[in-house]
Amino acid sequence: MIMAFDGSSVDGTEYLDVVRLARHAPAWLDGAVSFWSTYGLAVFAVLAVVGWWFARRGGDAAAVTALAVPVVVVLAYGVDALVKLAVREDRPCQSLRVTTLETCPAPGDWSFPSNHAAIAAAAVALLFVSRRLGAVAAVAALAMAVSRVWVGAHYPHDVVAGVLVGGLVALMAMLVLRRWSPSVAGWIGSGHLSRLLSAS
């Protein structure tokens, strides 16, 4: 048997309050939140593509910054996954045995931190591309984090940690990239991927 951390002592009461609220919410609201929780990640992919499309007009360094967004998101997910394996926190629906909107994941599908909430990495990375797109992504990331508690998949502390992990990884990665973007742009521009940098 795998020993796992029980996070219910941290904010289990608050989690139960949210799940109870979700159970008594209108069906249309639960449906909308569940849909966003499941499919909302696609919005961040669209924002990344839009950011790249317009960044090409700002020069090679701007295009490289935009191209880095999906790479940074994958990096943040990787770090988040490593933390999951280190902490090994049971899902709240397992520890508290409650009925939730989302089917309770199987044991071993750890809860802390939330991978979905780590999409905050996209919001932080997009701020380096466009403040407007970054702001939209930040609102979307907050909605994603809240939705994961609403559907019963995570404790509140799981999503807070996910946002912090994703945001910090993205911030550090983009600051490093800012220093090396001219070199990266030169490397990409000299190869077959040069079309990714220019709008012409």
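Residues numbered from 1 in each chain as written. Predicted model: local features only at pLDDT ≥ 70, side-chain atom pairs only at ≥ 80, totals over all residues. Heavy atoms only, no water.

## Overview of the overall build of the protein chain
Step number 1: On a plain count of helices and strands, the protein chain comes out with eight helices and zero strands.
Step number 2: Secondary structure elements in the protein chain, listed N-terminal to C-terminal, are α-α-α-α-α-α-α-α.
Step number 3: Put simply, the protein chain has 200 residues, and 42% of those count as buried.
Step number 4: Long-range contacts, defined as pairs at least 24 residues apart, comprise 80% of the intrachain contacts of the protein chain with a sequence gap of at least 6.
Step number 5: Summing over all exposed atoms, the protein chain offers an accessible surface of approximately 10,700 Å²; the carbon and sulfur share of this is 69%. (Helix = DSSP H or I, 4+ residues; strand = E, 2+ residues; numbered from the N terminus. Buried < 20%, exposed > 50% of the residue type's maximum accessible area, 1.4 Å probe, protein only. Contact = heavy atoms within 4.5 Å. Areas by Shrake-Rupley, 256 points an atom, 1.4 Å probe, with all protein chains shown as cover.)

## Concerning the state of the cysteines
Step number 1: One pass over the structure, following the stated rule, counts one disulfide.
Step number 2: A disulfide bridge connects Cys93 with Cys104, and the sulfur atoms are separated by 2.2 Å. On the sign convention where negative means left-handed, the S-S torsion of about 85° between Cys93 and Cys104 marks this disulfide as right-handed. Taken together, the residues Cys93 in helix H5 (residues 92-95) and Cys104 in the loop between H5 and helix H6 (120-127) connect sequence positions 11 residues apart.
Step number 3: We classify Cys93 as buried; its relative accessible area is 5%.
Step number 4: A relative accessible area of 32% means that Cys104 is categorised as partly exposed. (Disulfide = S-S within 2.5 Å.)

## Section: the pattern of salt bridges
Step number 1: Counted according to the given criterion, the structure contains three salt bridges.
Step number 2: Between Arg91 and Asp109 there is a salt bridge, with its nearest N and O atoms 2.8 Å apart. One end of the pair, Arg91, is in the loop between helix H4 (60-87) and H5; the other, Asp109, is in the loop between H5 and H6, and 18 residues separate them in sequence.
Step number 3: Looking at Arg91, the relative accessible area reads 6%, which means it is buried.
Step number 4: The exposure class assigned to Asp109 is partly exposed, which follows from its relative accessible area of 37%.
Step number 5: Glu102 is the salt-bridge partner of Arg148, the closest N and O atoms lying 2.9 Å from each other. Placement of the pair is Arg148 in helix H7 (residues 131-150) and Glu102 in the loop between H5 and H6, with a sequence separation of 46 residues. (Salt bridge = Lys/Arg side-chain N within 4 Å of Asp/Glu carboxyl O.)

## A short note on the packing of helix H2 (residues 27-39) against H7
Step number 1: Where H2 contacts H7, the axes come no closer than 9 Å and their chain directions differ by 115°. With respect to H7, the axis of H2 lies roughly perpendicular. Crossing hand, H2 versus H7: left-handed. Residues Leu29, Asp30, Val33, Trp36 and Ser37 of H2 lie in contact with H7, whose contacting residues are Ala140, Ala143, Met144, Ser147, Arg148 and Trp150.
Step number 2: Class assignment of the residues belonging to the contact of H2 with H7 gives a composition of seven nonpolar, two polar and two charged. (Axes fitted to C-alpha atoms, helices over the stretch in contact; angles between N-to-C directions. Parallel < 35°, antiparallel > 145°, perpendicular 65-115°, else oblique. Left-handed = near helix turned anticlockwise from the far one by under 90°. Nonpolar A, V, L, I, M, F, W, Y, C, P; charged D, E, K, R; others polar.)

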